[in-house]
Each structure stands twice: as structure tokens, then as C-alpha cells.
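# Observations on the model geometry
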Amino acid sequence: MDATVPLIILGVFFLLVLITLARTVRIIPQARSGVVERLGRYHRTLDPGLALVVPFVDKVRPLIDVREQVVSFPPQPVITEDNLVVGIDTVLYFQVTNAKAATYEIANYIQGVEQLTVTTLRNVVGNLQLEQALTSRDHINAELRGVLDEATGRWGIRVNRVEIKAIDPPASIQDSMEKQMRADREKRATILQAEGLKQSQILTAEGERQSAILKAEGGAQAAVLRADGEAQAIQKVFDAIHAGNPDQKLLAYQYLQMLPQIAQGTANKLWIVPSELGEALKGIGGMLGSGTNTDAGDATPAPPPIPSA
């Protein structure tokens, strides 16, 4: 019985030593900070790594995460300058830079940042109309970030970025905006179609104009070439006739040979006999008479009949 008492005392001593060591040696993880209070007052801030504290005298408060944190706030109703209620959903990116200030300057810094964001958002959007609020997200983000960063600086918090996820106007306003956008798209489509039709008609008219000009130029050139060919042919015939030196009898005979061809065709109802026909007949008669006197036994061919009108 007497031997067990020292063992119990020794076990209790070792247990107290272990508890004392456990309360003396603290390991702070990376990206965490610990605030140490000595006898209820702030003493120091523990950095990541191994740290020693005085047991039963120093108290380490819950560790604070110093990484950048993301907080998404529920949609908040905000009234615009034109008295329309819109729901704005925001996301806040912040980081604790001073663990002491985040512990002692505000009881709950996340809730404080949320309420400050809501009030600042209402002040900023309250000075904008609905269309400006829908198209000025960068301006709203910059205003929110500036106000929040200035206000949360004494809390040991740095606001890195504020983003607006959505701005939801009332259902009636959304319906009106959709109708307006649809009308604008239809208007632009009609204008584009009319412009396309106009350009098509202009190009078609220009093509027809160019085609008519080219056809006219081609016809004129063809007529010129045809007239030049006929002129050259006439000139060649004229030169050939003069080169052959024909007498009056040959010309009169050729003239009589062409008369039947002139009379051919159903459209030739009337043709005119030139005054030179009498001289031509005299020449033919003289030629025939000369042939009869020289050779009375030869049969003289009769001249071709003259077609009547």
C-alpha cells in the first residue's frame, strides 16, 4: 500500500509536466496568426512556426486566417435614383493584415464588412439611375472598394476587390427592357436589309449601265469595221474595173444582166428604170448589128427580156 502512493504521485507529476509542456509549446500553421494574452491583456502576436508561451499565464486566442478570403453576400434590395428597387448580389475579396486589430477593434469583422458593403452599395447605387447602374459596374466596384478599404483599414483588413455578380431589376422592367432590345434588334435588321437591297439595286443598275455601254461600244466598233470592210471591197471592185479598162458595151451588157436580179423577190412591186437604159440598149443594138453584118449566117442571140413592173 505504501509502495503505490509514490507511484501515484509520480504519475500525477508526469501528467502535470506533460500538460505544462503542451501549454508551453505551440505550433502555429502557415498563413495563420495567433494573439497571445498575458493575464487578460494583449502581449504579442505569434507568427507561423514553433512558439513558447508561459503556461497558466499566457492564453492563445483562436488562430486567425491571414489568407485572402472570399465572401458572397446575399442579394440586397437597393433603390435607384429613379425609384426602382433592384437586387444586387456582391462578392468581396479581403485579407487580414493585422491580427491584433482584427481581434480587438471589431467583434466580428466578416459581419462588419458585410453591413458596411450593404450601406455603401445603397449610397453609391442610390445616386444612379437604373440604366446607369446596369452599365456602370466598374464604377460601382471602384467606389465600393475605395470606401471599404478606407473604413476597414483600422480593423486590420485590406479589401482587395469588390465584384457585383448580378443586378436584378423588377420583372416588369426586365420585360420592358427585353421588348425594347427586341425592337432595337428588329430595327437594325430592317435597316441592314434595306441597305443591302439598296446596294444590290445600285450594283445591278451599274452593271446594266456598264453592259449597255459595252454593247453600244461593241456595236459602234462593229459598224465601223463593217463600213470599213464594205468601203475596202467597193474600192477594190472600183480599182479592178478601172484596171480592166472596160468599154461602154461591156458595161451596158452587165447592166442588162443585173436587171433580172433587181426584179426578183415578192417585195419588189415597183422599180425604176434609169435614163441611161436607152443608151445601153443603143450600145447593145449597135453591137448586135455589127455582128450581123460581119457574119450573116451566125444566129444572133436575142437580148434577155425586160421584166415588167
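Residues numbered from 1 in each chain as written. Predicted model: local features only at pLDDT ≥ 70, side-chain atom pairs only at ≥ 80, totals over all residues. Heavy atoms only, no water.

### Digging into the overall build of the protein
Broken down by element type, the protein carries 8 helices and 10 strands. By the burial criterion, 23% of the 309 residues in the protein qualify as buried. Considering only contacts in the protein between residues 6 or more positions apart, those separated by 24 or more positions represent 63%. Counting only carbon and sulfur atoms, one obtains 58% of the accessible surface of the protein, whose full area is about 21,400 Å². (Helix = DSSP H or I, 4+ residues; strand = E, 2+ residues; numbered from the N terminus. Buried < 20%, exposed > 50% of the residue type's maximum accessible area, 1.4 Å probe, protein only. Contact = heavy atoms within 4.5 Å. Areas by Shrake-Rupley, 256 points an atom, 1.4 Å probe, with all protein chains shown as cover.)

### Looking at the nonpolar core
Nonpolar side chains tend toward joint burial in soluble globular proteins. Formed by 31 residues in total, the largest nonpolar core has its most connected members in Ile88, Leu92, Tyr109, Leu121, Val125 and Ile140. Going through the elements one at a time, β9 (85-96), α2 (99-104), α3 (109-125), α4 (130-135), α5 (137-152) and β10 (157-168) are the ones with two or more residues in this core. The leading source of residues in this core is α3, at 6 residues. Within the second largest apolar cluster, 6 residues are counted, among which are Val36, Leu46, Val53 and Val60. (Core = buried A, V, L, I, M, F, W, Y, C linked by side-chain atoms within 4.5 Å.)

### Notes on the pattern of salt bridges
Enumeration over the complete set of coordinates arrives at 7 salt bridges. Across the pair Arg32 and Asp65 runs a salt bridge, and its minimum N-O distance is 3.6 Å. Placement of the pair is Arg32 in strand β2 (residues 32-38) and Asp65 in strand β6 (residues 64-65), with a sequence separation of 33 residues. Overall, the relative accessible area of 24% leaves Arg32 in the partly exposed class. For Lys165, the salt bridge is made with Asp89, and the minimal N-O distance between the two is 3.5 Å. Highlighted residues: Lys165 in strand β10 and Asp89 in strand β9, separated in sequence by 76 residues. Several salt bridges share partner residues, and in doing so they unite Arg32, Asp65 and Arg67 into one network. (Salt bridge = Lys/Arg side-chain N within 4 Å of Asp/Glu carboxyl O.)

### Regarding the pairing of β9
The element β9 is extensively covered by neighbouring structure, given that 10 of its 12 residues are classed as buried. Across 4 bridges, the pairing between strand β8 (residues 76-79) and β9 is antiparallel. Paired with Val78 across the strands is Val86, a residue of β9. In this structure, the hairpin formed by β8 and β9 is closed by a connection of 5 residues, where Asn83 is found at a positive phi of approximately 60°. With 10 bridges joining them, β9 and β10 adopt antiparallel strand pairing. Note on β10: the bridge partner recorded for Gln95 is Arg158. (Pairing = 2+ DSSP bridges.)

### Thoughts on unusual backbone geometry
The backbone of Phe56 shows a phi angle near 65°, a positive value even though the residue is not glycine. Along the chain, Phe56 turns up in the loop between β4 (49-52) and β5 (58-60). The class of Phe56 is exposed, set by a relative accessible area of 59%.

### So, the packing of α3 against α5
Contact geometry of α3 with α5 gives a least axis separation of 10 Å together with a crossing angle of 135°. What the angle tells us is that α3 and α5 run oblique. Considering the relative orientation of α3 and α5, their crossing is right-handed. Between α3 and α5, the residues in contact are Val113, Leu116, Thr117, Thr120, Leu121, Val124 and Val125 and Ile140, Glu143, Leu144, Val147, Leu148, Ala151 and Thr152, respectively. Looking at the contact of α3 with α5 residue by residue, the class counts come to 10 nonpolar, 3 polar and 1 charged. (Axes fitted to C-alpha atoms, helices over the stretch in contact; angles between N-to-C directions. Parallel < 35°, antiparallel > 145°, perpendicular 65-115°, else oblique. Left-handed = near helix turned anticlockwise from the far one by under 90°. Nonpolar A, V, L, I, M, F, W, Y, C, P; charged D, E, K, R; others polar.)

### A closer look at the packing of aromatic side chains
Evaluation of the coordinates by the stated rule reveals 3 aromatic pairs. Centroid distance Tyr42 to Tyr104: 6.0 Å. Interplanar angle 80°. Geometry classified as edge-to-face. Here the residue Tyr42 occupies a position in strand β3 (residues 41-46), and Tyr104 occupies one in helix α2, the gap between them amounting to 62 residues. Its relative accessible area of 36% is what places Tyr104 among the partly exposed residues. Look at Phe94 and Tyr109: their rings are 6.2 Å apart centre to centre, the planes differ by 75°, and that puts the pair in the edge-to-face class. Of this pair, Phe94 sits in strand β9 while Tyr109 is found in helix α3, placing the two residues 15 residues apart along the sequence. (Phe/Tyr/Trp six-rings, centres within 6.5 Å; stacked < 30°, edge-to-face > 60°.)

### Structural notes on the side chain of Asp65
A polar contact of 2.8 Å, which involves the side chain of Asp65, links it to the side chain of Arg67. Sequence-distant contacts of Asp65, that is, excluding residues within four places in its chain, are made with Ala31, Arg32 and Val96. (Polar contact = N/O pair within 3.5 Å; in protein donor to acceptor, adjacent residues only side chain to side chain.)

### Examining the layout of surface pockets
Estimated volume of the largest pocket: approximately 200 Å³. Taken together, Asp82, Leu84, Gln129, Leu130, Glu131, Leu134, Thr135, Met177, Gln180 and Met181 make up the full set of residues lining the largest pocket. For the lining of the largest pocket, the elements supplying multiple residues, two or more each, are α4 and α6 (171-244). Counting residues per element, the lining of the largest pocket draws most heavily on α4, which supplies 4 residues. Here the residues of the lining of the largest pocket are counted per class, giving 5 nonpolar, 3 polar and 2 charged. (1 Å grid on protein atoms, 1.4 Å probe; cavity = no way out; pocket = protein on both sides within 12 Å on 5 of 7 lines; lining within 4 Å. Points joined across faces, edges and corners; volume = space filled by probe spheres on them.)

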